Amino acid sequence: MGTMVDASKDIDWSFPGDKKITVVFVLGGPGSGKGTQCANIVKHFGFTHLSAGDLLRAEKKSGSKNGTMIQNMMKEGKIVPSEVTVKLLQKAMLESGNDKFLIDGFPRNEENRAAFENVTKIEPEFVLFFDCPEEEMEQRLLNRNQGRDDDNIETIRKRFKVFVESSLPVVEYYDSKGKVRKIDAAKPVDEVFKAVEVIFAPFNAEAV
Ligand SMILES: Nc1ncnc2c1ncn2[C@@H]1O[C@H](COP(=O)(O)OP(=O)(O)OP(=O)(O)O)[C@@H](O)[C@H]1O
Ligand SMILES: Nc1ccn([C@@H]2O[C@H](COP(=O)(O)O)[C@@H](O)[C@H]2O)c(=O)n1
Ligand SMILES: [Mg+2]
């Protein structure tokens, strides 16, 4: 352990009591198009997009005491302990000033799900699930060219395994509660967005 003080211990993580917070979890396999579609939803429906993976990459880059652990976990496609990810999400939610959030790539496992619920007491409005065949996702990731260390075939295969073993059960959990909105994500981007738009139509009146 370094000498850095954990300032997060001094922060009041509670949201203002009278504010209704709307959370949509955005799930789907690696490369299914979560980030791409979230960018479209933000433009049309006034949500703030928070990608758990992006927040972890930023935390790693910031020189945080958790940087090496995050780097090692990501290289293996493993899920970072929820304590770290939930804190990053809560901080970003509070700092945004918004009350409508797309939480992309979270919860990735049962531990993520329980930790978020216990800490924030927020239930998602629904889960937007991008369903896409593995071969299509693999091709997309290999062609992504965004310089991500985990977009190599070895790590991609590990991420697929973690998705099937740990993340799909979370989708099934929410499905059993009638909360999953499933989208065929193998179609072209604009066609996928047409299906997404239908689901978000109730938020249109509030769009910015
Ligand atoms: N419907 C689509 N058809 C073809 N290519 C797509 C489609 N949606 C996204 N892509 C491309 O596939 C790649 C992966 O998309 P994106 O980054 O949105 O996926 P993701 O689900 O956020 O992946 P990850 O879980 O790895 O963050 C990008 O290069 C993107 O441009
Ligand atoms: N809830 C999460 C989300 C992500 N990770 C780690 O980040 C990697 C990349 O995530 P993307 O959503 O950007 O693909 C992922 O493979 C995990 O290693 C996590 O630990 N917990
Ligand atoms: Mg993404």
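Check the entry above for the structure.
Residues numbered from 1 in each chain as written. Chains lettered and ligands numbered in written order. Predicted model: local features only at pLDDT ≥ 70, side-chain atom pairs only at ≥ 80, totals over all residues. Heavy atoms only, no water.

### Looking at the pattern of salt bridges
As a reminder of what qualifies: The salt bridge definition used is simple: a Lys or Arg side-chain nitrogen within 4 Å of an Asp or Glu carboxyl oxygen. The cut-offs for exposure are 20% and 50% of the maximum accessible area for each residue type, with area from a 1.4 Å probe on protein chains only; residues under the lower value are buried, those over the upper are exposed, and the others partly exposed.
What the rule picks out here adds up to 18 salt bridges. Note that Arg148 is salt-bridged to Asp150, the shortest N-O span being 3.0 Å. Given a relative accessible area of 22%, Arg148 falls into the partly exposed group. In this structure, Asp150 and Arg159 form a salt bridge, with 3.7 Å as the shortest nitrogen-oxygen distance. Judged by its relative accessible area of 8%, Asp150 falls in the buried class. Look at the salt bridges and you will find they share partners, linking Arg144, Arg148, Asp150, Asp151 and Arg159 into a network.

### Section: the site of ligand 2
This is how the line gets drawn: Summary of the distance rule: residues count as near a molecule or strand when at least one heavy atom falls within 4 Å of that molecule or strand. Polar contact criterion, stated in full: a pair of N or O atoms within 3.5 Å, where within protein one must be able to donate a hydrogen and the other to accept it, and residues adjacent in sequence count only if both atoms are side-chain atoms. A 1.4 Å probe and the Shrake-Rupley method give the accessible areas. Residues count as covered only by the protein chains that appear here.
Taken together, the neighbourhood of ligand 2 is formed by 16 residues, with Arg57, Lys78, Val80, Gly105 and Arg148 sitting nearest. Between a nitrogen atom of ligand 2 and a main-chain N or O atom of Gly105, the distance comes to 3.0 Å. Residue Arg148 places a side-chain N or O atom 2.9 Å away from an oxygen atom belonging to ligand 2. Within the complex, the protein chains bury 96% of what would otherwise be the 460 Å² of accessible surface of ligand 2.

### A look at the site of ligand 1
Which entries qualify depends on this criterion: In this text, helices come from DSSP runs of H or I with a minimum length of four residues, and strands from runs of E with a minimum of two, each type numbered from the N-terminal end. When residue character is reported, Ala, Val, Leu, Ile, Met, Phe, Trp, Tyr, Cys and Pro are called nonpolar, Asp, Glu, Lys and Arg charged, and the others, Gly included, polar.
Around ligand 1 lies a shell of 17 residues, among which Lys34, Thr36, Arg144, Arg159 and Lys187 are the nearest. The backbone of Gly33 places a nitrogen or oxygen atom 3.0 Å from an oxygen atom of ligand 1. Contact distances for ligand 1 include 3.1 Å between an oxygen atom and a side-chain N or O atom of Arg148. Look at ligand 1: alone it shows 630 Å² of surface, and the protein chains cover 78% of it. For the shell around ligand 1, the secondary-structure elements that each account for two or more residues are helix 1 (34-45) and helix 6 (134-142). Broken down by element, the shell around ligand 1 gets its largest block of residues, three residues, from helix 1. Taken together, the residues that form the shell around ligand 1 break down as five nonpolar, six polar and six charged.

### Notes on the packing of aromatic side chains
Aromatic ring pairs: the centre-centre distance and the angle between the two ring planes describe each pair. Threshold: Two rings belonging to Phe, Tyr or Trp (six-membered ring only in the last case) form a pair when the distance between their centres is within 6.5 Å. Interplanar angles under 30 degrees mark stacking, angles over 60 mark edge-to-face geometry, and anything in between is tilted. Whether a charge sits over a ring depends on NZ of Lys or CZ of Arg being within 6 Å of the ring centre and within 35 degrees of the ring normal.
Within the structure shown, the criterion is met by 10 aromatic pairs. Between Phe25 and Phe116, the aromatic rings sit 5.5 Å apart at their centres with planes inclined by 70°, giving edge-to-face as the arrangement. In this pair, Phe25 is assigned in strand 1 (residues 22-28) and Phe116 in helix 5 (residues 110-120), connecting sequence segments 91 residues apart. Take Phe25: its relative accessible area is 2%, and that puts it in the buried class. On the accessibility criterion, Phe116 (1% relative accessible area) is buried. Among the aromatic residues, those joined into a cluster by ring pairs are Phe25, Phe106, Phe116, Tyr173 and Tyr174. Sitting above the plane of the Tyr173 ring, Arg113 keeps its charged end 4.0 Å from the centroid.

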